[in-house]
Amino acid sequence: MTDKAEHTLGNLVDRVARDIQAGVFAPGMWLKQIDLETRYNAKRMEVRRALDQLALKRLVQHVPNRGYHVHSPDNRQTDEARQVRLILETAAADSIVANATAADIATLRMLAQRFIDLTVDGTLIDLYEANIAFHTKLLALNSNRELANIVWELRGRGPSAPVTQWKTRARIDLSASEHVRMIDAIEAGDPAELRRLTRMHIEQA
């Protein structure tokens, strides 16, 4: 496969994964290849390869002679993935605090404010996208790229975020508040507080 083809395939995998996590494709939903070809303007072979990669990531499941459906994780898998995330994301706190510049902190505050604004007039999908943007920037400040990659893979194994993460307005407001307090901890150069808030943030999700 050429570099261009690999890049195209990678983009397709990311787009489908993003839609799964955004709740566009619900847990257990069968994915028709012809529909995916149309939705993503992709060729049949590209869709098939993307589904194979998503199956390796445990975002979808392949049933021989039937096709692919969105993975439905059980409670044990979800809890264990969350525990691993706790270990990894709290471990990243020192690196995040050490690497964050004033410009990084300003960007984080902008992204956190975007999430707050959407709590008033945004949809759950809008909130999900804003939340991903905030945490993408936050994890990018960590020096260990493999740690960040593993965290995002683990995030992808959980249930669709808009469906399960924010069941009440109080939960949404709590997430927004924690984003701001995490930034305050970074700006104060306090990795211990960032670790504490990160643990709270993951556990409440």
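Residues numbered from 1 in each chain as written. Predicted model: local features only at pLDDT ≥ 70, side-chain atom pairs only at ≥ 80, totals over all residues. Heavy atoms only, no water.

Novice: Go over the overall build of the chain with me, naming the residues and quoting the values.
Specialist: Helix and strand counts for the chain come out as 11 helices and three strands. Reading the chain from its N terminus to its C terminus gives the helix and strand order α-β-α-α-β-β-α-α-α-α-α-α-α-α. The burial tally for the chain puts 43% of its 205 residues in the buried class. Of all intrachain contacts in the chain linking residues separated by at least 6 positions in sequence, the fraction that spans at least 24 positions is 69%. Accessible surface computed for the chain: about 10900 Å², of which carbon and sulfur atoms make up 53%. (Helix = DSSP H or I, 4+ residues; strand = E, 2+ residues; numbered from the N terminus. Buried < 20%, exposed > 50% of the residue type's maximum accessible area, 1.4 Å probe, protein only. Contact = heavy atoms within 4.5 Å. Areas by Shrake-Rupley, 256 points an atom, 1.4 Å probe, with all protein chains shown as cover.)

Novice: Before we move on, could you go through the environment of Ser95 and cite the residues and values that matter?
Specialist: Position of Ser95 among the secondary structure elements: in helix α5 (residues 93-99). As a C-alpha pair, Ser95 and Leu141 span 46 residues in sequence and 7.2 Å in three-dimensional space. Setting aside anything within four residues of it in sequence, one finds Ser95 in contact with Leu141, Asn142 and Ser143.

Novice: So what's going on with the pairing of strand β2 (residues 60-63)? Residues and values would help.
Specialist: Regular strands have side chains that alternate between both faces of the sheet. Bridge count between β2 and strand β3 (residues 67-70): four bridges; the pairing is antiparallel. Residue pairing for β3: Val63 is matched across the bridge by Gly67. Where β2 folds back onto β3 in an antiparallel hairpin, the turn is made up of three residues, including Asn65, whose phi is positive at roughly 70 degrees. (Pairing = 2+ DSSP bridges.)

Novice: Could you give me a rundown of the environment of Asp79, with the residues and numbers involved?
Specialist: Positionally, Asp79 belongs in helix α4 (residues 75-91). Judged by its relative accessible area of 41%, Asp79 is partly exposed. Separated by 124 residues in sequence, Asp79 and Glu203 place their C-alpha atoms 9.7 Å apart.

Novice: Describe the pattern of salt bridges, naming the residues involved and giving the relevant values.
Specialist: According to the stated counting rule, one finds 13 salt bridges in the structure shown. For the salt bridge of Arg39 with Asp19, the shortest nitrogen-to-oxygen distance reads 3.1 Å. Of the two residues, Arg39 sits in helix α2 (residues 33-40) while Asp19 sits in helix α1 (residues 3-21), which places them 20 residues apart along the sequence. Residue class for Arg39 comes out partly exposed when judged on its relative accessible area of 44%. Across the pair Glu80 and Arg76 runs a salt bridge, and its minimum N-O distance is 2.9 Å. Here the residue Glu80 and the residue Arg76 both occupy positions in helix α4, the gap between them amounting to four residues, near one helical turn. A single salt-bridge network, built from bridges that share partners, covers Arg109, Asp184 and Glu187. (Salt bridge = Lys/Arg side-chain N within 4 Å of Asp/Glu carboxyl O.)

Novice: Which residues make up the packing of α2 against helix α3 (residues 44-56), and what values do they have?
Specialist: The N-to-C vectors of α2 and α3 enclose an angle of 105 degrees; their axes lie 9 Å apart at closest approach. In terms of axis orientation, α2 runs roughly perpendicular to α3. Taken together, the residues of α3 that come into contact with α2 (itself represented by Gln33, Ile34, Leu36 and Glu37) are Arg44, Val47, Arg48 and Leu51. (Axes fitted to C-alpha atoms, helices over the stretch in contact; angles between N-to-C directions. Parallel < 35°, antiparallel > 145°, perpendicular 65-115°, else oblique.)

Novice: Give me α3: which residues, what numbers.
Specialist: It helps to recall that an α-helix has 3.6 residues per turn; residues three or four apart then point in one direction. Between its first and last C-alpha atoms α3 spans 19 Å; for 13 residues at 1.5 Å apiece the expected length is 18 Å, and the two agree. For α3, the set of buried residues is Val47, Ala50, Leu51 and Leu54. Looking down the long axis of α3, one finds its buried residues gathered within 100 degrees of arc, a one-sided arrangement. (Expected span 1.5 Å × (residues − 1). Arc of directions from axis to C-beta.)

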